[in-house]
Structures are given as structure tokens and as C-alpha cells.
Amino acid sequence: MPVVVTGPGGTSAALPFEFTDVPDAVITGLAPTTGPEAGGTTVIVTGTGFTDATAVTFDGLFGTGFTVDSDTQITVVTPAHAPGPADVVVLAPNGNSNPGVFTFFATPVLTGIDPSSGPQTGGTAVTLTGTGFTGATDVTIDGISVPFVVVSDTSITLTTLAHLPATVDVLVAGPGGISGPLGFTFTPVTQIDSVDPPTGPEAGGTTVTLTGQCFTGATAVLFGGVAATSFVVVSDTVITAVVPAGTGVVDVTVVGAGTCGTGIVPDGYEYLPPAVALSLAPDSGPEAGGTTVVVTGTGFTGATAVTFDGLFGTGFTVDSDTQITVVTPAHAPGVTDTVVLSPNGNSAPLDYTFVALPVISSLDPNNGPQTGGTAVTITGVGFTGTTLVTIDGVSVPFVEVSDTVVTFVTPAHSPATVPVVVTAPGGVSDPLGFTFTPVTQIDTVDPPTGPEAGTNTVTITGSCFTGATAVLFGGVAATSFVVVSDTVITAVVPAGTGVVDVTVVGAGTCGTGIIPDGYEYLPPAVALSLAPDSGPEAGGTTVVVTGTGFTGATAVTFDGLAGTGFTVDSATQITVITPGHAPGLVDVIVESPNGDSGPLDFTYVPSAVTTSLDPTSGPETGGTPVTISGTGFTGTTDVTIDGVSVPFVFVDDTTITFTTPAHVPATVPVVVTGPGGASVPLPFEFTAVTTVDTVDPPIGPETGGTTVTITGSCFTGATDVLFGGVSATSFTVVSDTQITAVAPAGVGIVDVTVVGGGTCGTGELPDGFEFVPGALALSLSPDRGGDEGGDMITITGFGFTTATSVTFGGVEATSFTVVSDTEIQAMNPAFDSAEVPVMVTGPGSVTPLGVATASFGGGGLMLGSASMALVPSILPMAIPAAPMFTYEDPIISSISPSSGPTSGGGLVSIFGVGFDSTTLVSVDGVAVDYTQVSDTLITYTAPEHAAGTVVVMVDGQSEPDQIGYTYESLLASTGFTWMPITLFGVLALLLGGALVLLRKRGHLGRP
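Residues numbered from 1 in each chain as written. Predicted model: local features only at pLDDT ≥ 70, side-chain atom pairs only at ≥ 80, totals over all residues. Heavy atoms only, no water.

The name given to the chain in an unreviewed UniProt entry is IPT/TIG domain-containing protein, and the organism recorded there is Cryobacterium melibiosiphilum.

If you want it as C-alpha cells, here you go:
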């Protein structure tokens, strides 16, 4: 129907408004469809037309917690209701719904338990009676679910689980709820927890204590089925019983009273056999006791002691049922009975022998020299089976002659009286003393060497020197000697030769002491040769002296001056460093306490002296002939310039010539080295020269005008820059290492020359610049793009003013504009994905390196069989390869999200490859702003668009470049259309505007 607005200004044009029929509420489902009669079940009602619903009723009773979740869902809580089905209706102003069905279940009622009690061990079959058991979901005893069987609506059966004695609740749960409880009583049973002690003798008679439960009124206690000799029920948890006779491991049983039943502890008691001793190891030991004995046998478990003739052993330990360890007590010598005591029965005796202690009565002799070797006889008793003889605690070999005699030989020992002890099976004897007496002994001779002429004094150390009667060197008596103390003698050595023994003849029992090879007679020094036998007057020459008798030498002198670094390398060699000395011949002597050597000749040579260099300077490139003047050049071995050796020519004792090597500009020392040493240095100056290292750029048009940067050295004060012999149009010396110059007109490849100032000279870079005819492209920006073309590319180079063509891989550019002689703007044509050369041509243009023979294959420009990007410049200066442009074909793999609202505004991600050169992203043919995140990701914000699926493209017109994106209406899923809403919105705006206008004009009062 039409909607018209009328106001002071007249009546508006009519707009149509459609009244639509709002449907009644409809129930299509309930979840759940059942619940207890007490109510309280949360139910989800599904259907349609619920938007204005006001309630849900169950047989007319209103549900609680009513909530309209949406036009298709309501949540409600059931009220209480008698068991049975009830109609569920949604009340709504547009019409109540059709009824759904919800079934109320009756609450189970528990009326009886048969039986109502059973043992705590469980296993009692129980029948429950009552009503409402159909559909029962759980039966619990004391809150624990048990397996059950619903026999009928009035009967359930189950079997009890184990439970501590107590009366507990039994409950039945079903769809209608949980029943009230009835009690079930778990009754206690007889149970044995422990038997103490758990072992005893086979003869019985042991009183044991049983602990457990339900012992009150017990009628019997059994051990392996045999009744206890007697028992007493102390309490409901304790019984004491006297064990009957028996064997092995047996069950223990208590027969309880009433419902308690019988309790058994399997293997609860073990009958232990009596002890049986089979062997002793060892079976003998000293009368003092202390021997550890291992007793083997059987039945030792529970044993309490081992006795030796009734005396208890110590350290008693039952190692196992078959072994006991015990330590013997002290006992008079003889055989004794050894018995194992056990509560299960003592063992029969075994024999153990206590052996008497050995006794030493005398030593013969009872003294001897400290050097040992004295044969000694020990007499006494108890030596049979002797195992050890010690002297001062050290074992010595011995011979057991009889039970009363043992012999041994003394070892060396320092003078002292020490104990001798005999150890035998009966133990260790008391000690008897043996005295080691001192002897003459020589320990050291200091010094151990001296001259063959003798007369030197030595100190001899040792022992037992008091009263010494002689000191001998190789059998020759010392010139004189003095006994300083019992341990020190000083003696004057007689003349002799070679290595000899030293002997001291002691007094009394001390005897004679000898130290073999104790002294060596050394011959006098003999110098045979010097190497070298000459050196510089400044000294410092290391000289090796060879000869004999150098042991003990103290110095080498040169004309009386001691050399330094003196070292006796061996008896035949000395190393020494010459001191400074005036030029000339000098005597060299080896000084030795055994006698100085005869002299050898050593010549001191004068040092070279340099007085001048001619010339004193030259270019850094080297090659300057130089003459050195001075004196002492004869025998020159080296000429260095700045420390580096150079070839030289010895002219005479006053003249040497050499040619300078290359060297960086600097003033450096020149030194001459000869037999007399190194000269004082003279200075030589290397002067800088002009060098040309690089020209950048190395190419330019034949018309000239290219500004190049020249790098090198010694540019300061340069007077000219030449290209192929033609002066540059202009040049500027930027620094000593850089010049900028404008190339003149020219052709071909030419040398570049810089004419330096002063001593710098002229520097030249051969083939340093190439004049190129016509146009030449050098670089591109950008250098890649999509294969559909249409990108504006900036080409830089030169010779563009008369350009007639721009091609991409041989295909003409869509269009191009010459911006300047060095810049062109060109739109690239479409091209399949490839890397292609870009060429600018005009009158006189040349073909860049390799392009004339290039061909396309496999998607890229090829030169012969190699990719153009890999072709190097073959000539020193050649036309550079054409700049390359890469055509890339982007491929879209996915879009996320793939749909969105018609209002747009959401961020969309495009995934794929080849996005680096992206220039366009379009949605349904319309370009949108985008962000290229990486070569594989582009993002954009979805624009507003009508509902439907549109094409999203990246730089392309073909399948790989595009993907679908779906615009969806926000209310598409509700069934509403846009037209009535739009009309209603327009009407609301018109009515609102009219009200505002009426109020402004005073036709509508304020409330």
C-alpha cells in the first residue's frame, strides 16, 4: 500500500509499503523429551516463529527460566508434574504452537532389601523391592555404584562388594530421580593379620600371639590342621596359642564363632629343624683366641651362640641357615668341643684345637754389622708350623729346623738394637733383641774431580770415620787427611790419572769403606780450533771452540778479555760470544782449573762505512741505478733498502752499485753488511709517480661530453687529461687520487692519460675508454614486471636524442618518450614470462655484446647455449650487454577469507608466487589499493560490492592470475529481503524530518 507524508509544504509522493504475514510459532523438536516428575529439567525447544513468544507450558503448567534464544530456539526448565506424557506448547501473540510431547518419569521408591546384611568380604546376593525401577540407571551402596539387574518395575537384584563392617545406605537412581535410602549391614569375619613369632622348633611348645579380628568365641586354633596344644582368646583381636609339634611351613587357622567364620593365614608358621654343625674352618688357632672361625652345617636360623668347651665365642653372626661366623675365646692349649646353640635344638660337637704360643729363649749371635749377612740361630719352643720371622717388623727368609730351632740371615739395617719375633699357629712370640753395629761407609766425595797434578782438597762424607787410619785414591795414599767428625774427612788428593776408587780404612769393628769410581783426574784443557776464526770488531760473534779436557773449564778469553755466553757443551766443545775489540789478530785461550789451553788465533775485522749514495732519490716504480761510496766493502754479504735485500755489484773496497726495486713513496735506509758487520744507514727517497687505475664510466658517445671519474695517484698539479691523445674538454683535480674530466669527441677504444706535475710524470690506462656510436641503453628501472606489460620503464644510457626504436626481447615498446639524451620513458609490451634484453636504437647504433646472435628459448634470452646473464665481456673494452628486463607471471594459489559482507571493509590476503613485480590488484575489474607483503603475499581491503562471486586479479588476464571472492548479504540466512527494510528506512527518515520541521515552525508543541 502507498505511504504519503503531508506537511505545510504539501503532500509527498507515495512510496509503497508491504505488510507481510508473521507466521504462528511452530515446535519441531524438544531436547531432552523426558525428565523426573519433580521437574527441574532444562529443555531446548526448537522450531520457528519464537521471536515474540511469551512462555512455554507443560499440560498448562508454566515452565521456569524461560528464555527466547532466537527466532528458532527457546530454553525452559520443566515444572513438577505427575508421571506421564504432557503437551508442551509455546505461547506467542501471533498464535500458540502445535504441542510437543514431554514425558515425566516417576521417582523410584525403595521398600525392601533381602537380605539386609552380609559379610564384609562382599559377595552377598541381594534383592531390592519397590516401585519405579523401570529404566533405572544406577544402584549405589554407600555411594559406590554396583552392577545390578532390573528384573521388573518392582524388583532389582545385585551382589555386594567388599566393605568395612558398617550399616550403609542403598539408593536406586532412574529417569524419575533418586529413591530414598534403605540400610544394608556389612558384618565382620574372622581374619588373621600376624603370627608372632612366625617360627619355632619342630618339637613345638612355642607360645605365639595371633592378631586379627572377630576372635571372640573362637572354637579352635590350628597349625597345619593340627590343634594348638592350648590357646587363650585375649580379646576380639588377640589370641595366644601354644604350638604343637610339626615340620615345614604350615597354614595357621582360627575357627571363629557365629557369623565370623574361619580365618586362615597361608604359610603362617614355619617349624625349624635343630642345628647340625658339619665343619669348622679353621679347626685350630692360638690359645690367646681371636681366630675367626666359619661354622658350616644346617638349621642355623635362630641360633643364639657357639661355645668352645662351654666358653662363648665373640662376634657371633648367623650368615645364613647353613653358615655362622664366630671369633674364638682364649683357652688353654688342647682339643675342645665346639657346639652351636639353637632354640630349635643344639648341634652335636665338633673338635677345635687351641695351639700353644711360640717362645724365643735366645739368639746366637745377638749382634752383627749394619750391612747384614749375619747367620743367626733362634732357640726356644713352639716353632712347629712357623709362618713368619721378622726383624724390626720386616719379614726375612727362615728355616724351621725343629720345634725348638729356627735359623735366618740378617738383612742390611741402620745401626740399632731391634726386635726379632717368631709367628706360628699358636700366635706371636715375645720379641728378643738383635744389635746392628756400624761400619765404615763413604757416601760422597766433593768435588768428585780435579787436576792430574793433584794438590786439591776434597771433603768425604759417610760414617764410622772416627779413628780412621788411611785415605786412598786408586790405592795411593792422600797427601794428607783430617778426621773432622765420625761422618766427615777432608783430604789432599795425590797426583794421578783417570777414574779411581776412594777408600777410608776405619778403626776397630768399623772396617774399610770404599766408593768405587769415586774420583776422576781431569787432564788440562787443549784448544784445537775456532769456528769461525774471525768476526766484526764490534764483537757479538758466536764462536765454537773444539778440543779436549774442557770439563770444568771456567772461561774463554780474547786477548785477555772474557767472552760472554760461555757454555761448556761437552768435554770437547765450548760455545762463547766474542767481546768488542780493535781490528787485528788476538790470542784465544780456554781457562780451566785443570790447566789452561795453548792460544788460538782470532781476527777482528773492521766494519763497513758508507759515506754517500748517488743519486739519493728515485721514482717509486724503482729501476734507479745507485752508487754507494765508503770503505770496508771487501767481502760484503748483503745490501738492504728498507730492510729488504737487493742484488748488488762489489766494485772495490770503496764502491758498490745496485738498482732500486719498486717501493711506496718514502725515505728509507740503505745498509751494507760485510764480515765486519752492518754499516750505519744512509737515506734514499722514493718519489711518487702518476698512475691511472680506473675510468668510470669506461664508455661514452662518439660526440663526447661524458663526464668520467678517474682514480689513481699523484694527480695534484696535473696539467692535462688526454683521451686517445686528445685533451679532455675540461677536467678538475678533485684530490691527489681523483680527477673528473669531460670526454672530448672520439671514436673506438682509446688510452686515457694524465700528465702529472713535477716529478710525478705521466700516467696512462691503456684502452681505458670506448667511444660508442649511436644510442646505448645501460640500465632499467624497474627491471621486472608482469607478463601483461603496460608498465612505464625508465631507461638510462646515452645517444637517446635521435632514438628511433625501443624493443623488449625484440618486441617494440607500446610507446616511448625521449626525456633527454640520457633518459627514455617506455611502456613495455606484453611478453611471456622470460628475462629479455632491452635495446634502444637510432642512427649509427651498434649491437650490444652478443645480442645480434641471441635467440629465445625455454622462456629466456639465450646466447649460443649460455644464458645471456652469464656471458662475460670477452674483450678488454667491448659494448656492454644490453640491460635485462624480467617478465614474471604471478600465480594465485588461495585467498583468505574467500567471502565477506557486501559492505566490504575486511582485510583480504592473496597467497601465491611471483608478486614481486605486482602493479595492479583488481576486484571485479576495478583497481583497489593493496600492500605487497612479499613475493608470496598481497593484502587489500575489500571494497563495497553487491552480493555475488567476483573475480580478483593480480596483474593478469588469465587463469593463474585470478581467483573468486564471494560477497554475501548480512540477512541472506534470515529470509528477509532488502526492499521492505529499505522502504521502512526511507519512511522513518521522512517522518523524522517532518517532525523536526513541524517543531521548528511551531506547529508541534513540546511535551
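From this point, the discussion proceeds with the structure in view.
Moving on, we get to the overall build of the chain. Assigned secondary structure in the chain consists of one helix and 109 strands. For 1007 residues, the compact-globule estimate of 2.2 N^0.38 gives 30 Å, and the C-alpha radius of gyration of the chain, at 64 Å, exceeds that figure by more than 25%. C-alpha atoms of the chain, sized along the principal axes, occupy 165 × 145 × 65 Å. Expressed as a percentage of the 1007 residues in the chain, the buried residues total 39%. Contacts in the chain between residues far apart in sequence, at least 24 positions, make up 55% of those at least 6 positions apart. Put simply, the chain shows about 46,800 Å² of open surface, and 60% of that area lies on carbon and sulfur atoms. (Helix = DSSP H or I, 4+ residues; strand = E, 2+ residues; numbered from the N terminus. Rg over C-alpha atoms; globule rule 2.2 N^0.38 Å. Buried < 20%, exposed > 50% of the residue type's maximum accessible area, 1.4 Å probe, protein only. Contact = heavy atoms within 4.5 Å. Areas by Shrake-Rupley, 256 points an atom, 1.4 Å probe, with all protein chains shown as cover.)

Our next topic: the sheet that holds strand E103 (residues 907-913). Strands belonging to one sheet form pairs held by backbone hydrogen bonds; the direction of such a pair is parallel or antiparallel. In spatial order, the strands read E101-E103-E107-E106; together these four strands make up an open sheet with antiparallel pairing. The sheet is open, and its two borders are formed by strand E101 (891-896) and strand E106 (930-934), each paired with just one other strand. Direction aside, neighbouring strands of the sheet carry axes that sit 25 degrees apart on average. (Pairing = 2+ DSSP bridges. Axes fitted to C-alpha atoms, helices over the stretch in contact; angles between N-to-C directions.)

The next point concerns the sheet that holds strand E41 (residues 350-355). A sheet is described by the order of its strands in space; here five strands give the open sequence E34-E41-E40-E36-E37, paired in mixed fashion. The sheet terminates laterally at strand E34 (284-286) and strand E37 (311-312), the two strands that pair on one side only. Note that E34 and E41 share three bridges and pair parallel. When the bridges of E41 are listed, Ser 284 appears paired with Thr 353.

Quick look at the side chain of Thr 706 now. Here Thr 706 shows up in the loop between strand E81 (699-701) and strand E82 (707-713). Take Thr 706: its relative accessible area is 14%, and that puts it in the buried class. Residues contacting Thr 706, with those up to four places away along its chain left out, are Pro 697, Ile 699, Gly 700, Pro 701, Ala 741, Val 742, Ala 743 and Phe 769.

If you look at the biggest cluster of nonpolar residues, it comprises 19 residues, and the most contacted ones within it are Ile 795, Val 806, Phe 808, Ile 824, Val 840 and Phe 885. Residue assignment for this core shows that the elements contributing at least two residues are strand E89 (776-781), strand E91 (792-798), strand E92 (805-808), strand E95 (823-827), strand E96 (834-841) and strand E100 (884-888). Ranked by residues supplied to this core, first place goes to E96 with four residues. When near neighbours in sequence (up to four residues on either side) are disregarded, Ile 824 contacts Ile 793, Thr 794, Ile 795, Phe 800, Ala 803, Val 806, Phe 816, Thr 817, Val 818, Val 819 and Val 840. (Core = buried A, V, L, I, M, F, W, Y, C linked by side-chain atoms within 4.5 Å.)

To continue, consider the state of the cysteines. Two cysteines form a disulfide when their sulfur atoms are joined by a covalent bond. Scanning the entire structure with this criterion turns up three disulfides. The side chain of Cys 214 participates in a disulfide bridge whose partner is Cys 260; the two sulfur atoms lie 1.7 Å from each other. Between Cys 214 and Cys 260 the disulfide shows an S-S torsion of about -45 degrees. By sign, it is left-handed. Placement of the pair is Cys 214 in the loop between strand E26 (207-213) and strand E27 (220-223) and Cys 260 in the loop between strand E31 (248-255) and strand E32 (262-272), with a sequence separation of 46 residues. With relative accessibility at 5%, the residue Cys 214 sits in the buried group. A sulfur-sulfur separation of 1.7 Å characterises the disulfide bridge that pairs Cys 714 with Cys 760. With the S-S dihedral at roughly -45 degrees, the linkage between Cys 714 and Cys 760 falls on the left-handed side. (Disulfide = S-S within 2.5 Å.)

We now examine the packing of aromatic side chains. Under the counting rule described, the total for this entry stands at 21 aromatic pairs. Relative to Phe 686, the ring of Phe 684 has its centre 5.2 Å away and its plane inclined at 70 degrees; by these criteria the two rings are edge-to-face. In terms of burial, Phe 684 and Phe 686 fall into one category: buried. Look at Tyr 965 and Tyr 967: their rings are 5.1 Å apart centre to centre, the planes differ by 75 degrees, and that puts the pair in the edge-to-face class. Look at Tyr 967 and you get buried, because its relative accessible area is 2%. An aromatic cluster is present here, built from Phe 808, Phe 831, Phe 885 and Tyr 887 joined pairwise through their rings. (Phe/Tyr/Trp six-rings, centres within 6.5 Å; stacked < 30°, edge-to-face > 60°.)

Next up on the list: the environment of Phe 133. Residue placement: Phe 133 occurs in the loop between strand E16 (125-131) and strand E17 (138-141). In this structure Phe 133 touches Pro 108, Val 109, Leu 110, Leu 128, Val 150, Ser 152, Asp 153, Thr 154, Ser 155, Ile 156 and Val 172, once residues within four positions along its chain are discounted.

By secondary structure assignment, the location of Thr 449 is in strand E53 (residues 449-451). Sequence separation between Thr 449 and Val 499 is 50 residues; the distance between their C-alpha atoms is 8.8 Å. Setting aside residues up to four positions removed in sequence, Thr 449 forms contacts with Asn 456, Tyr 519, Glu 520 and Leu 522.

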